[in-house]
Amino acid sequence: MPRCSLSRTFIMAPLKVTKILCIGAGYVGGPTCAVIALKCPHITVTIVDLNQARIDAWNSADFKLPIYEPGLEDVVRQCRGRNLFFSTDVEKGILDAELIFVSVNTPTKKSGVGAGFAADLNYVELATRQIAAVATSSKIVVEKSTVPCRTAESMRTILEANSKPNCRFDILSNPEFLAEGTAISDLFKPDRVLIGSLQTPEGKAACAALAGVYANWVPEHAILTVGLWSSELSKLAANAMLAQRISSVNALSAICEATGANIDEVANAVGYDSRVGPKFLKASVGFGGSCFQKDILNLVYLSESLHLPEVAAYWRQVVEMNEYQKRRFSKRVVDTLFNTITGKRIAVLGFAFKADTGDTRESAAITIIRDFQSERAFVNIYDPQVAETQIWADLAEASPTVAPESMKKQVKICSSALEACKDAEAVVIATEWKEFKEIDWAHVYKHMKKPAFVFDGRLLVDAAKLTEIGFKVTTIGRPAL
Ligand code: UDX
Ligand code: ADP
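The name given to the protein chain in an unreviewed UniProt entry is UDP-glucose 6-dehydrogenase, with Mycena belliarum as the source organism. For the record of the protein chain, the UniProt heading Pathway (unreviewed entry) holds the text "Nucleotide-sugar biosynthesis; UDP-alpha-D-glucuronate biosynthesis; UDP-alpha-D-glucuronate from UDP-alpha-D-glucose: step 1/1." Under the heading Catalytic activity (unreviewed entry), UniProt records this for the protein chain: "UDP-alpha-D-glucose + 2 NAD(+) + H2O = UDP-alpha-D-glucuronate + 2 NADH + 3 H(+)".

Right, dumping it as structure tokens:
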């Protein structure tokens, strides 16, 4: 189905997509395109990545996939080799595809203009240039990675400047709203699918083609079609407003600790108001993940670039409150352990940024452990999903001046919660893994130094029950018992 046209203004009939390529086999591209393959058996879906090890893992005979996501293995088992393929051959993928999702990484810039705020669009640009260089037929190019507003415009400029005469590229923005840990159910039943396009006949036709893919399983009323820039901004806005909710509840948790109120009771009472709603009001040691901080900082950068300093300051405060929450939590641990943790052993349960994922990006655990290390405590870490190599890499990045040998003297990675807690003076719950709720806490207590402390950064355990066992329990958003 070549869509080459003689003239760039040629208007095509709505296109029925049969071959999709996804560039980037990460947390977004992998699950999203695996679900498209499952729901659209008539479409051939190829996912490519430059990272050979990642592709090998996607193709592994025992389905040891590179990312942990409940339900994902089952989806891949059903379609891999049928209409879902993983490869490192990016060029072939581009040549064959009618529609290409660009789902590469967009980390925050570490140097240059906008360092620490702006998104590093290098990967998006390289992928876009490669599409233009390789393609010999027309394509719909879909921006899937979360990107700053107007990135689609830059992609369009690059594609148009470099395309062959008989190829046209239509650019769409189709941000992904899945949350890690629930990615598969989010993809099966999304609240909405958002597609942004230019409001030209060609743009609308491309938009209809992508909407046609989703219509295989998403009800029509949940597929929203908007302008390109609205789509790009909506993604940043959705994440910023979700993060803002958590920072609001975390700010209230500090008041609760100081006054004797209970944050769970306050959040529950507030969430009963149907205008607020009950979801996403759980106080915590701080939000993490690859999106919230990055997207807010993007919004801050955008606001500043648009000469809107008050708007920038407003959103920046959401991130600052999150940093404060992590600092406050570490300080509470030190204060409670008689103002010093030097030489004390602390068990940190959980390293992922939330339960049901092996992802550690911006995890609060990293900051807390760095704080404990700088107080010269010994730290035992246990997480059921995060690979040991990942933990060492994250800790090294967080404390670049600490030599690896001293790091290994101070930190031990354990293979069970019980092992981590043995002989510790305090247990810190950093991730809300269900298995931490079900630990034999009486057993843990028996094998800890006394007094034995528990710091619940996730409102996970039954504080009254643990207190009965003998623990001294400190819970976020509650005064000390
Ligand atoms: C988020 C958005 O939810 C998703 O729509 C977007 O596509 C990507 O960013 P994700 O980062 O995977 O998804 O996880 P999310 O469930 O939103 O949690 C983010 C962080 O907030 C986690 O650290 C989580 O523990 C924390 N959180 C969440 C709270 O502290 N309290 C809450 O009530 C909810
Ligand atoms: P996300 O959470 O947004 O999915 P990830 O970092 O998990 O981000 O995944 C992005 C993937 O994109 C990485 O595996 C990276 O190797 C891949 N990638 C980046 N640039 C290219 C490119 N030009 N061609 C193919 N793959 C790429």
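After that view of the structure, there is still more to cover.
### So, the UniProt feature "domain: UDP-glucose/GDP-mannose dehydrogenase C-terminal" (unreviewed entry) in the protein chain
Following the UniProt record, the feature "domain: UDP-glucose/GDP-mannose dehydrogenase C-terminal" (unreviewed entry) maps to residues 347–463 here. Annotation note: span residues 347–463, helix share 38%, strand share 16%, distance between end C-alpha atoms 17 Å.

### As for the pattern of salt bridges
This model, assessed by the stated rule, comprises 23 salt bridges. In this structure, the salt-bridge partner of Glu160 is Arg156, at a minimum N-O distance of 3.7 Å. Here Arg156 and Glu160 lie together in helix H6 (residues 151–162), a separation of 4 residues that amounts to about one turn. Its relative accessible area of 42% is what places Glu160 among the partly exposed residues. Residues Arg332 and Glu257 are paired through a salt bridge, measuring 3.4 Å at the closest nitrogen-oxygen approach. Of this pair, Arg332 sits in helix H12 (residues 309–336) while Glu257 sits in helix H9 (residues 228–259); the two residues are 75 residues apart in sequence, bridging distant segments of the chain. Of the two residues examined, Arg332 and Glu257, each falls in the buried class. The structure contains a network of salt bridges with shared partners spanning Glu153, Arg156 and Glu160.

### Here's the deal with the site of ligand 2
Near ligand 2 you find 15 residues, and of these Tyr27, Val28, Asp49, Arg54 and Arg361 are the closest. Measuring from an oxygen atom of ligand 2, one finds a side-chain N or O atom of Asp49 at 2.6 Å. Within the backbone of Leu50, a nitrogen or oxygen atom sits 3.4 Å from a nitrogen atom of ligand 2. Computed on the free molecule, ligand 2 has an accessible area of 580 Å², of which 88% lies beneath the protein chains in the complex.

### Section: the nonpolar core
Counting residues in each nonpolar core, the largest one holds 64 residues, and the members touching the most others are Ile346, Leu349, Phe351, Phe372, Phe436, Trp441 and Phe471. In contact with Phe436, other than residues within four places in its own chain, are Leu349, Gly350, Tyr382, Pro384, Ala417, Ile429, Thr431, Trp441, Leu460 and Val461. Core analysis: the second largest hydrophobic core is formed by 49 residues, Leu15, Ala25, Ile36 and Ala206 among them.

### What about the packing of aromatic side chains?
The tally for this structure, following the rule as stated, stands at 10 aromatic pairs. Measuring from ring centre to ring centre gives 5.6 Å for Phe287 and Phe292, while their planes differ by 80°; the resulting arrangement is edge-to-face. Summarising the burial analysis for this pair, Phe287 and Phe292 share the class buried. The interplanar angle of 75° and the centroid separation of 5.1 Å between the aromatic rings of Tyr445 and Phe471 together place this pair among those described as edge-to-face. Taken together, the residues span a long stretch of sequence, with Tyr445 in helix H18 (residues 441–446) and Phe471 in the loop between helix H19 (463–469) and strand E14 (472–475) at a distance of 26 residues. A relative accessible area of 2% means that Phe471 is categorised as buried. One aromatic cluster is present, formed by Phe280, Phe287 and Phe292 through successive ring pairs. When the ring centre of Trp229 is taken as origin, the NZ or CZ atom of Arg150, which lies over that ring, is 3.9 Å away. Between the NZ or CZ atom of Lys450 and the centre of the ring of Tyr445, over which it lies, the distance is 4.7 Å.

### As for the pairing of E14
Two elements, strand E13 (residues 453–456) and E14, share 4 bridges in a ladder whose sense is parallel. Across the sheet, Phe455 pairs through a bridge with Thr474, a residue of E14. Handedness of the crossover is the feature at issue here: the chain leaves E13, passes through H19, returns alongside E14, and the resulting connection is right-handed.

### Considering unusual backbone geometry
At the junction of Lys450 and Pro451, the peptide bond is cis and its omega measures out at -5° in the coordinates. Along the chain, Pro451 falls in the loop between H18 and E13. Notably, Phe280 is not glycine yet its phi reads approximately 60°, a positive angle. Mapped onto the secondary structure, Phe280 falls in the loop between helix H10 (263–271) and helix H11 (292–305). Phi at Asp423 takes a positive value of approximately 65°, unusual for a residue other than glycine. Here Asp423 is to be found in the loop between helix H16 (417–421) and strand E12 (426–429).

Conventions and cut-offs
Residues numbered from 1 in each chain as written. Chains lettered and ligands numbered in written order. Predicted model: local features only at pLDDT ≥ 70, side-chain atom pairs only at ≥ 80, totals over all residues. Heavy atoms only, no water. UniProt positions renumbered as here; feature names shortened; annotations may be inferred. Helix = DSSP H or I, 4+ residues; strand = E, 2+ residues; numbered from the N terminus. Salt bridge = Lys/Arg side-chain N within 4 Å of Asp/Glu carboxyl O. Buried < 20%, exposed > 50% of the residue type's maximum accessible area, 1.4 Å probe, protein only. Near = heavy atom within 4 Å. Polar contact = N/O pair within 3.5 Å; in protein donor to acceptor, adjacent residues only side chain to side chain. Areas by Shrake-Rupley, 256 points an atom, 1.4 Å probe, with all protein chains shown as cover. Core = buried A, V, L, I, M, F, W, Y, C linked by side-chain atoms within 4.5 Å. Contact = heavy atoms within 4.5 Å. Phe/Tyr/Trp six-rings, centres within 6.5 Å; stacked < 30°, edge-to-face > 60°. Lys NZ or Arg CZ within 6 Å of the ring centre and 35° of its normal. Pairing = 2+ DSSP bridges. Right-handed = clockwise from strand over helix to strand, strands pointing away.

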